[in-house]
Structure formats: structure tokens, C-alpha cells
2 protein chains.
Amino acid sequence: MTGRLTHPTRSDARYNREHILDVAREVFATEGLTAPMREIARRAGIGPATLYRHFPTKELLATEAFAAQMAACETVVDEGLADPDPWRGFCSVIERICELHARDRGFTAAFTTSFPHAVDFTARRERTLALVAKLAGEAKKSGRLRQDFVLDDLVLVLMANGGIHAASPATRVAASRRFAALVIRAFEA
Amino acid sequence: MTGRLTHPTRSDARYNREHILDVAREVFATEGLTAPMREIARRAGIGPATLYRHFPTKELLATEAFAAQMAACETVVDEGLADPDPWRGFCSVIERICELHARDRGFTAAFTTSFPHAVDFTARRERTLALVAKLAGEAKKSGRLRQDFVLDDLVLVLMANGGIHAASPATRVAASRRFAALVIRAFEA
DNA sequence: AGCGAAACGGACGGGGGCGTCCGTTAGCTT
DNA sequence: AAGCTAACGGACGCCCCCGTCCGTTTCGCT
């Protein structure tokens with residue numbers, strides 16, 4: 001069913017679809033998920049109807065737009081797991097995911113908010129969190145991570161990281177970095 | 001000039017003013033600062049015009065409504081300073097302020113956001129922060145607080161604490177408590 | 001080249017919030 | 001108790017966003 005939507009036959013439709021996603025990524029990153037659909041349409045140089053035809057709901061658009069970010073999250077966790085030193089891997093996961101969220105306002109919202117209809121997105125999130133849990137287990141065994149760490153602590157940290165608002169993205173990333181360093185100190189045994 | 005506004009001559013006006021403030025506190029606490037002015041008027045059982053007559057801008061209303069919360073913040077800091085153990089005082093400030101913010105969605109926003117026109121509000125905030133700085137200095141001298149703590153770390157924590165969203169206020173307060181414990185561990189030498 | 005279908009986008013109606021006007025109500029004064 | 005005036009609130013116009021309809025354009029196939 002989605003085959004028709006994901007692979008339009010006509011070239012202009014195919015181009016528009018990708019172009020919309022590019023613009024949506026940029027707009028969501030700077031303005032957040034609350035950005036109007038119209039704004040995305042405007043910047044993409046298309047009419048609202050075209051936007052809605054490609055992505056009937058904002059949830060669908062966001063899910064597709066953040067697929068790359070989600071993949072980046074998974075990569076970060078995978079690389080953390082691959083690190084021979086589990087504590088170092090654990091720290092890198094916190095640092096890099098915090099930075100990912102700081103760079104992209106919308107992604108934080110998309111990650112935290114669970115859209116009712118974006119089922120596969122929450123599924124991927126849960127799967128990734130499960131991998132983090134595994135990494136945390138190894139880090140605990142190595143003795144560097146506090147034994148009383150629970151996965152909810154990480155969720156808490158991500159939510160809190162989302163609360164770091166700042167005028168410029170640069171400041172936000174810097175603040176987020178400091179924040180990551182802070183919580184890592186808190187998690188260290 | 002504000003004398004007329006703060007002390008209306010007619011009894012119904014005087015009552016309405018206080019009633020609006022009560023309702024605004026409740027609405028801001030549960031719905032956040034983004035709550036429509038209309039909602040406050042509705043719950044107060046008055047027309048929008050009456051609300052706007054008493055408080056021409058949302059900033060003015062919020063500033064007045066959160067005066068009590070602001071005072072509570074100051075009390076918390078004062079009591080922290082009064083504690084003979086500066087580290088314990090410092091911890092109590094973090095815990096209690098985080099809880100204050102968790103209980104009141106709007107206050108977080110009002111505290112973090114600097115309204116362009118609510119001059120005296122930011123002034124009180126700065127004054128309070130200065131007191132916290134003093135407390136932090138003593139806590140450092142006692143050796144329990146890390147030497148590299150800076151006041152910006154606390155601001156960062158408050159912003160991050162504001163990012164902790166949750167369905168029920170109870171959950172939010174609980175999460176905020178865990179968060180406070182987390183950052184205290186990070187701040188301990 | 002010409003046709004059919006797919007894709008486009010201007011325009012519409014609906015909903016909600018905002019701030020204000022002005023006719024009405026009701027408190028205070030003498 | 002009667003009038004003056006402050007205070008009230010329903011209703012208005014404005015703007016922004018949403019999602020959709022439908023007439024027009026353009027692509028791709030033959």
C-alpha cells in the first residue's frame with residue numbers, strides 16, 4: 001500500500017517527495033516540531049495540497065524526516081557497544097545522543113513524544129533503548145557505572161536535555177555538552 | 001500610576017483582581033504559560049475584556065501570579081543560607097527549587113523565559129541567583145561541593161529540569177526528585 | 001504529437017486565539 | 001433613593017493554522 005506513496009511514478013512527484021523531506025528536516029531542526037506544515041510547503045516552493053498529498057499527517061512526515069536521525073542514534077549505540085571499554089562506550093552514547101538532540105529541536109520532540117500513529121518509530125526507539133540497557137549492564141560489570149543505574153535514568157536525562165533551550169544552536173550544543181559531562185559524573189561509580 | 005490598578009476602588013473590581021490571580025496561578029500551573037487568556041477568563045467566570053482590563057498583557061498577569069512562587073524561591077534560598085552546613089543547604093536548594101518547578105509548569109517557563117517587560121521579575125531572579133552563588137561559595141569552602149562548580153551549572157540544571165514533562169503532576173514531581181538527586185551526585189566533590 | 005492520468009496549487013471553510021469596542025450593569029456617593 | 005461613573009462582558013474583526021476540494025498543468029506513454 002505504501003509502495004505507491006514511497007515510489008511515485010512521475011519524476012516531479014519523486015523529486016518533490018525528497019525535496020519536502022529535506023526541507024522538513026531543516027525546518028523541524030530549527031523551528032521544532034510545532035512548525036506549521038505551511039511553512040514547510042512555502043520553503044519547498046509547493047502548495048499545501050501537494051505537501052498533504054505526500055504526507056497526509058505531520059506524524060508521517062516527521063517519522064520519515066527523522067528516519068536518518070533515528071538511524072544515527074542506532075549507529076551511536078552500536079558503536080558504543082562495539083567499544084572494548086563498556087564504560088567509555090556508555091559515555092560516548094550519552095554525549096553523542098545529547099548532542100544529536102541539541103542540534104535538532106524537532107528530533108527531541110519526536111523522540112520524546114510518542115505519536116499514536118508512528119508505530120514503527122516508537123518500536124525502533126524501544127529497540128535502541130534495549131541495546132543501551134545491554135551496554136549499561138556491561139558497564140556495570142566493569143565497575144565504572146553505578147550499580148543503581150536504571151534505564152529510566154537515561155530517559156530522564158534525555159527529557160531533561162530537551163529542556164535546554166537557547167537562542168543559538170551553537171549555545172545549545174555547548175550547554176548540552178556541559179550537561180552530558182554533568183550526568184556522566186553522576187553516573188560514575 | 002499602578003496604584004489605580006493595584007487598588008481598584010470598587011469592591012467587585014477588587015474581588016475580580018484577586019480571583020483572576022488565583023485562577024491564573026492554577027491554570028498556569030497545570031497548563032503552562034501557553035494557556036490562552038480566554039481559558040483563565042472562562043474559569044474565573046468573567047469576560048475577556050475584564051481580564052484584559054486588569055492585566056493588559058499576559059506578561060503582567062504572569063508576573064503578578066508568580067510573585068508568590070518567586071517569594072517561595074527566595075525563602076528556599078534564604079533557608080539554605082541559614083543552614084549551618086552549607087553543603088546540606090545547597091542540596092536542599094536544588095531539591096526544593098526543582099520540586100517547585102515540577103509542581104508548576106508555568107513557573108518554570110516564567111523563570112526561564114525573560115519577559116522583555118517584566119523587569120522586576122528578572123531582577124528578583126538575578127538577586128536570588130546571587131544568593132545561591134554565595135551559598136555555593138560556602139559549600140565549596142566546606143569541601144563538599146566541587147571546586148569547578150559554576151553558577152551557570154545551576155541555571156543549566158533548572159532549564160533541564162523544565163524539560164521533564166510527564167502526564168501527571170505526581171509523576172513529574174517524582175521524576176524531578178530523581179533528577180535532583182542525580183545532579184547533586186554530580187556536584188559532590 | 002496527442003492523449004489520459006497523475007500531480008500540482010490556489011482557494012475555501014472551519015476552528016481557535018488575540019485584543020478591543022461599546023452598550024449594559026451595578027457599586028459608590030450625596 | 002437617585003444619579004454618576006467605574007466596571008463588566010458579549011460580540012466583533014483580525015490573524016494564523018489546519019485539512020480539503022477542484023480546476024489546471026505537466027509528465028509519460030503510445
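This one's a predicted model, so the numbers in the text were calculated from it and none came from an experiment. (Residues numbered from 1 in each chain as written. Chains lettered and ligands numbered in written order. Predicted model: local features only at pLDDT ≥ 70, side-chain atom pairs only at ≥ 80, totals over all residues. Heavy atoms only, no water.)

Trainee: Honestly, empty space enclosed by the protein in this entry has me stumped. Any pointers?
Mentor: To locate leftover empty space, one rolls a probe as large as a water molecule over the atoms. Residues and elements named next belong to chain A. Counting across every chain of the model gives two cavities of 30 Å³ or more. Put simply, the largest cavity is a space of about 50 Å³. Around the largest cavity sit Ile97, Phe111, Arg125, Thr128, Leu129, Val132, Leu154 and Leu158, which together line it. Of all elements in the fold, only α9 (119-142) and α10 (151-162) reach the threshold of two or more residues within the lining of the largest cavity. The element best represented in the lining of the largest cavity is α9, accounting for four residues. (1 Å grid on protein atoms, 1.4 Å probe; cavity = no way out; pocket = protein on both sides within 12 Å on 5 of 7 lines; lining within 4 Å. Points joined across faces, edges and corners; volume = space filled by probe spheres on them. Helix = DSSP H or I, 4+ residues; strand = E, 2+ residues; numbered from the N terminus.)

Trainee: So what exactly am I meant to see when it comes to the protein's contact with DNA strand C here?
Mentor: Taken together, 23 residues sit near DNA strand C, with A:Arg10, A:Asn16, B:Ser11, B:Arg38 and B:Tyr52 positioned nearest. Near-protein atoms of DNA strand C (within 4 Å) split between backbone and bases, with sugar and phosphate holding 58%. Between DNA strand C and A:Thr50, the relevant distance is 3.3 Å, taken from a phosphate oxygen to a side-chain nitrogen or oxygen of the residue. A distance of 3.1 Å separates a phosphate oxygen of DNA strand C from a polar backbone atom of B:Met37. No other element matches helix α4 (residues 48-54) of chain A, which puts five residues into the surface near DNA strand C. (Near = heavy atom within 4 Å. Polar contact = N/O pair within 3.5 Å; in protein donor to acceptor, adjacent residues only side chain to side chain.)

Trainee: Explain the UniProt feature "DNA-binding region" (unreviewed entry) in chain A to me, please; I cannot follow it from the model alone.
Mentor: Per the UniProt record, the feature "DNA-binding region" (unreviewed entry) sits at residues 36-55 of chain A. In residues 36-55 of chain A, the share of helix is 75% and the share of strand is 0%. The end C-alpha atoms are 14 Å apart. (UniProt positions renumbered as here; feature names shortened; annotations may be inferred.)

Trainee: Teacher, can you tell me more about the protein's contact with DNA strand D here?
Mentor: As a matter of local geometry, DNA strand D sits amid 24 residues, with A:Ser11, A:Arg38, A:Tyr52, B:Arg10 and B:Asn16 nearest to it. Sugar and phosphate atoms represent 59% of those atoms of DNA strand D found within 4 Å of the protein. Contact distances for DNA strand D include 3.2 Å between a phosphate oxygen and a backbone N or O atom of A:Met37. Between B:Gly47 and DNA strand D, the recorded distance is 3.4 Å, taken from a backbone N or O atom to a phosphate oxygen. Secondary structure elements with two or more residues in the surface near DNA strand D: α2 (11-31), α3 (37-44) and α4 of chain A together with α2 (11-31) and α4 (48-54) of chain B. In terms of residues, the surface near DNA strand D owes the most to one element, α4(B), which gives five residues. For the surface near DNA strand D, the per-class residue count stands at nine nonpolar, seven polar and eight charged. (Nonpolar A, V, L, I, M, F, W, Y, C, P; charged D, E, K, R; others polar.)

Trainee: I tried to follow the confidence of the model for chain A on my own but got confused; where do I start?
Mentor: Atom-level detail of predicted coordinates should not be read off regions where pLDDT is low. Looking at chain A, the pLDDT average stands at 90 and 93% of residues meet or exceed 70. Long-range and interchain partners of residues 1-5 of chain A, a stretch whose pLDDT sits below 50, account for two contacts in this model, where long-range means more than four residues apart. (pLDDT = per-residue confidence, 0-100. Contact = heavy atoms within 4.5 Å.)

Trainee: Sorry, what's going on with the domain arrangement of chain A here?
Mentor: The parts lose accessible area when they come together, and the size of an interface is often stated as this lost area. All names here are of chain A. Each domain of chain A was delimited in the assignment, giving domain 1 (2-65) and domain 2 (67-187). Of note, the centres of domain 1 and domain 2, computed from C-alpha atoms alone, are 27 Å apart. Contacts between the two partners involve eleven residues from domain 1 and, on the opposite side, 13 residues from domain 2. Interface of domain 1 and domain 2: buried area, both sides summed, is about 900 Å²; carbon and sulfur atoms make up 65% of it. Remark: the boundary between domain 1 and domain 2 carries zero salt bridges. At the boundary of domain 1 with domain 2, the tally comes to five residue pairs in polar contact (both at pLDDT 80 or more). Breaking the side of domain 1 that touches domain 2 down by element, the ones donating at least two residues are α2 and α5 (58-65). (Domains from an automatic or database assignment. Buried area = accessible area lost by both parts, 1.4 Å probe. Salt bridge = Lys/Arg side-chain N within 4 Å of Asp/Glu carboxyl O.)

Trainee: Explain the packing of α2(B) against helix α5 (residues 58-65) of chain B here, please?
Mentor: Each packed pair of helices is defined by two parameters, the angle between the axes and the distance between the axes. Residue and element names in this part refer to chain B. Between α2 and α5, whose axes approach to 9 Å, the crossing angle comes to 90°. Classed by the angle they form, the pair α2 and α5 counts as roughly perpendicular. Each of Arg17, Ile20, Leu21, Ala24, Arg25 and Phe28 in α2 lies in contact with α5, whose residues at this interface are Lys58, Leu61, Ala62, Glu64 and Ala65. Residue composition of the contact of α2 with α5, by class: seven nonpolar, no polar and four charged. (Axes fitted to C-alpha atoms, helices over the stretch in contact; angles between N-to-C directions. Parallel < 35°, antiparallel > 145°, perpendicular 65-115°, else oblique.)

Trainee: Explain the side chain of A:Asn161 here, please?
Mentor: Mapped onto the fold, A:Asn161 is located in helix α10. In contact with A:Asn161, other than residues within four places in its own chain, are A:Cys98, A:His101, A:Ala102, A:Ser176 and A:Phe179.

Trainee: What exactly am I supposed to notice about helix α11 (residues 169-187) of chain B here?
Mentor: For an α-helix, 3.6 residues make a turn, and residues three or four places apart therefore share a direction. Counted at 1.5 Å a residue, the expected span for α11(B) with its 19 residues is 27 Å, and the 26 Å between its end C-alpha atoms agrees. Where α11(B) is buried, its residues meet α10 and α11 (169-187) of chain A together with α2, α7 (86-103), α8 (105-112) and α10 (151-162) of chain B. (Expected span 1.5 Å × (residues − 1).)

Trainee: What is the right way to read the interface of chain A and chain B from this model?
Mentor: In this complex, chain A contributes 20 residues to the contact, which on the side of chain B involves 20 residues. Interface area, chain A with chain B, both sides summed: about 1,700 Å², of which 66% is carbon and sulfur. Counting across the chain A and chain B interface gives four salt bridges. Between A:Arg185 and B:Asp148 there is a salt bridge whose closest N-O contact spans 3.7 Å.

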